[in-house]
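Coordinates in review
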Amino acid sequence: MSHSSSMPASCRASLRTSFAMSGALVATILLLPLMAHADQQSGEIPAASGETASYDTTDESPRSAYLSDWYNQNVTVIGSKDIRFGPQKIDDIYLEYEFFGRKGPLDLYGYIDMPKFFGIGNAADSGAFDDGSPIFAEIKPRLSFNELSGRDLSLGPISEWYLAANWIYDWGHNSDNRQNTLYTGLGTDIDTGSPLGMSFNFYGKYQWENYGAENENSWDGYRAQLEYNYPLASFDNGASLFYAGFTNYDFGSSLGDGDSARTNEAVVATNAFVYSFTHLRFLAVARYFHNGGQWNDGSELNFGDGDFRVRSTGWGYYLGVGWQF
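Attention here is on the structure that accompanies the text.

How each quantity is defined
- Residues numbered from 1 in each chain as written.
- Predicted model: local features only at pLDDT ≥ 70, side-chain atom pairs only at ≥ 80, totals over all residues.
- Heavy atoms only, no water.
- Phe/Tyr/Trp six-rings, centres within 6.5 Å; stacked < 30°, edge-to-face > 60°.
- Lys NZ or Arg CZ within 6 Å of the ring centre and 35° of its normal.
- Salt bridge = Lys/Arg side-chain N within 4 Å of Asp/Glu carboxyl O.
- Helix = DSSP H or I, 4+ residues; strand = E, 2+ residues; numbered from the N terminus.
- Buried < 20%, exposed > 50% of the residue type's maximum accessible area, 1.4 Å probe, protein only.

A word on the packing of aromatic side chains
Any two aromatic rings considered together are summarised by their centre-to-centre distance and by the angle between their planes. Tallying each qualifying case throughout the model produces 22 aromatic pairs. Between tyrosine 109 and tyrosine 111, the ring centres sit 6.3 Å apart and the planes meet at 65 degrees, which makes this aromatic pair edge-to-face. What links up through ring pairs into an aromatic cluster is the set Trp70, Tyr71, Tyr97 and Phe99. Over the ring of tyrosine 162 we find arginine 142, and its NZ or CZ is 3.7 Å from the ring centre.

So this is what it looks like as structure tokens:
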């Protein structure tokens, strides 16, 4: 759900959030639902991951209604308003395929967005049908050290340790309109002693393409990510209400050192509520940006269509309706 479309003409630069992996590994992950069903984790409420809150998969949900016992997936139509990953706020209506699950040591989350899929967006928005990006994708695999070692590695409130990664790719029509970001590091699950699920990931960032920014092809900064989720309610009509959120703190970058329009730090905090039946789901998200995409709020820019002021700090919103299968 970190979708935001690129800027006009030759200087598009909408930045988003994340283990770059080879094409073969990505293909393997995307083919996982065709593999044998796992005999575990089918009743677990997933941790809040990535940019979209996952739906509730408690024991009340009939797993036989889905294609897999562990690989959860949905397709959602999302409308977004005032998204601030770039120097210009983005409004868009787009299509998203989301997937997540746990099989053995692999804890997986990801999504693929198709920006401006319905041809609806504001002037700064673009997609596959108007010289923009046809796909924006994020894949977040974590490998459990506990499972791989066969040992209980819990330490205090930390119940599980992971090799954590996050790959973000925006397939722009040329290198100046493309993002390819790798975050790698250490992940944990935290036992709160309550229905509140929590995890913490700490990453170093390697930046390949970044819409022509100065930090391309370099290690540039770190990300601290706290994820949390809570099942709020179950209803007599079979629906459930679920909260999931995360906060990303990016720091240690050098992007703002030589450019007053950029910053070395940024914060994004996301709060998502999912009202979910067995298949039908409704999504509402409020997201707070502080210097979103490392754009310096209040700085003045001109991309050839006149001066404008960057508004990278403030709230953005998403509404969605989708189908789980």
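Brief notes about the pattern of salt bridges
Per the stated rule, a full pass over the model turns up eleven salt bridges. Across the salt bridge formed by lysine 81 and aspartate 91, the nearest N and O atoms sit 3.3 Å from each other. Here the residue lysine 81 occupies a position in strand S1 (residues 72–83), and aspartate 91 occupies one in strand S2 (residues 90–103), the gap between them amounting to ten residues. Between lysine 116 and aspartate 130 there is a salt bridge; the shortest N-O distance is 2.7 Å. Highlighted residues: lysine 116 in the loop between strand S3 (106–114) and strand S4 (136–144) and aspartate 130 in the loop between S3 and S4, separated in sequence by 14 residues. Residue class for lysine 116 comes out buried when judged on its relative accessible area of 12%. Judged by relative accessible area, which is 31%, aspartate 130 ranks as partly exposed. When salt bridges with common partners are traced through the structure, they connect Arg102, Glu147 and Glu160 into a single cluster.

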